[in-house]
Amino acid sequence: MAYEIAKRYAGGVIIAIPVNKLSDRSPHSDEVNEGHGEGGGLNANYRTADALCMLSNALGHAGIRYHEHFYFKTGGGNSMQVEFRDETVARSAQSVLDRIMYRAAA
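We now turn to the structure provided with this report. A quick note: this is a predicted structure, and the numbers were derived from the prediction, not measured.

Description of the pattern of salt bridges
Next, step 1: Under the counting rule described, the total for this entry stands at 4 salt bridges.
Next, step 2: The closest approach of N and O atoms between D86 and R85, which form a salt bridge, is 3.5 Å.
Next, step 3: Classification of D86 as partly exposed rests on a relative accessible area of 26%.
Next, step 4: According to the relative accessible area criterion, R85 is partly exposed, its value standing at 31%.

So this is what it looks like as structure tokens:
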């Protein structure tokens, strides 16, 4: 998985999140593949994008806002890395994440 070396936040905490715990969407669009051929930048990993949207929405409802409290670092395979501003935000986010991953698995 590609990654950024520098942290965005001083004291930031990075959490690796299993994408398949948040999204069961296909990684690539069958519609794009059928109409335009395989691969390319326009057929990005939809499962990771879907998982990031679900995570951002759930965290936003808990008052944890993107770019203010957390930032998407990178994703690949079945994992994405998200950096949180500090340990307090990371703990709150982990609580939200545990709830939404439990619901998605049910």
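Examining the pairing of strand β2 (residues 70-76)
Next, step 1: The pairing of β2 with strand β3 (residues 79-84) spans 6 bridges and is classified as antiparallel. Its bridge partner lying in β3, T74 is registered against Q81.
Next, step 2: The hairpin turn running from β2 into β3, its antiparallel successor, is 2 residues long, and G77 in that turn takes a positive phi close to 65 degrees.

Looking at the environment of A62
Next, step 1: Within the element layout of this structure, A62 appears in the loop between α2 (46-61) and β2.
Next, step 2: Relative accessible area serves as the criterion here: at 42%, A62 is assigned to the partly exposed category.

Conventions used here
Residues numbered from 1 in each chain as written. Predicted model: local features only at pLDDT ≥ 70, side-chain atom pairs only at ≥ 80, totals over all residues. Heavy atoms only, no water. Salt bridge = Lys/Arg side-chain N within 4 Å of Asp/Glu carboxyl O. Buried < 20%, exposed > 50% of the residue type's maximum accessible area, 1.4 Å probe, protein only. Pairing = 2+ DSSP bridges. Helix = DSSP H or I, 4+ residues; strand = E, 2+ residues; numbered from the N terminus.

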